[in-house]
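What the coordinates show
The residues making up each chain are set out below.
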Amino acid sequence: MRKSVSAMKNKTKKLYLIGGPMGVGKTTAGQLLKIRLDNCVFLDGDWCWDMEPFQVTTETKKMVIENI
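Now for a quick tour of the structure. (Residues numbered from 1 in each chain as written. Predicted model: local features only at pLDDT ≥ 70, side-chain atom pairs only at ≥ 80, totals over all residues. Heavy atoms only, no water.)

A tally of helices and strands in the chain yields three helices and two strands. Secondary structure elements of the chain, listed N to C terminal, follow the sequence α-α-β-β-α. Put simply, the chain has 68 residues, and 12% of those count as buried. Surface exposure of the chain reaches about 6,400 Å², of which carbon and sulfur atoms provide 59%. (Helix = DSSP H or I, 4+ residues; strand = E, 2+ residues; numbered from the N terminus. Buried < 20%, exposed > 50% of the residue type's maximum accessible area, 1.4 Å probe, protein only. Areas by Shrake-Rupley, 256 points an atom, 1.4 Å probe, with all protein chains shown as cover.)

Another point: the side chain of Thr 60. Examined against the element boundaries, Thr 60 turns out to sit in helix α3 (residues 58-66). A polar contact is formed between the side chain of Thr 60 and the backbone oxygen of Gln 55, at a distance of 2.7 Å. For Thr 60, the contacting residues outside a window of four places in its chain are Met 51, Phe 54 and Gln 55. (Polar contact = N/O pair within 3.5 Å; in protein donor to acceptor, adjacent residues only side chain to side chain. Contact = heavy atoms within 4.5 Å.)

Note that Gly 30 resides in helix α2 (residues 26-36). In this structure the C-alpha to C-alpha distance between Gly 30 and Leu 17, which are 13 residues apart in sequence, comes to 9.3 Å. Apart from residues no more than four positions distant in its own chain, Gly 30 is found in contact with Ile 18 and Phe 42.

With that out of the way, let us pick up the side chain of Lys 34. Note on placement: Lys 34 falls in helix α2. In terms of polar contacts, Lys 34 uses its side chain to reach the side chain of Gln 31, at 3.0 Å. Not counting residues within four places of it along the chain, the set of residues in contact with Lys 34 comprises Cys 40, Phe 42, Asp 50 and Glu 52.

Moving on to a nonpolar patch on the surface. The grouping of Phe 54, Val 56, Val 64, Ile 65 and Ile 68 at the surface amounts to a nonpolar patch, some 540 Å² of accessible area in total. Position of Ile 68 relative to the elements: it lies in the segment after α3. (Patch = residues over 30% accessible without salt bridge, like charges linked within 9 Å, V, L, I, M, F, W, Y side chains within 5 Å. Salt bridge = Lys/Arg side-chain N within 4 Å of Asp/Glu carboxyl O.)

Moving on: unusual backbone geometry. Notably, Asn 39 is not glycine yet its phi reads approximately 45°, a positive angle. Mapped onto the elements, Asn 39 comes out in the loop between α2 and β1 (40-43).

Examined against the element boundaries, Pro 53 turns out to sit in the loop between β2 (49-52) and α3. Spatially, the C-alpha atom of Pro 53 lies 8.6 Å from that of Val 41, the residues being twelve residues apart in sequence.

This is the structure:
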């Protein structure tokens, strides 16, 4: 069975890259985007990843345990 185009659009993922020198607010911009975007993951090279909202699933449990 074929999925409709609108159903496929809902599964589209976007990647935002925030670049710049130290101290310009890349982490702050990422934190603000995380709050405003639904079901997103914030990957920050300074410390770790941050998922909003964090959903406990088999995959996320495995990911957390492997990264402890």
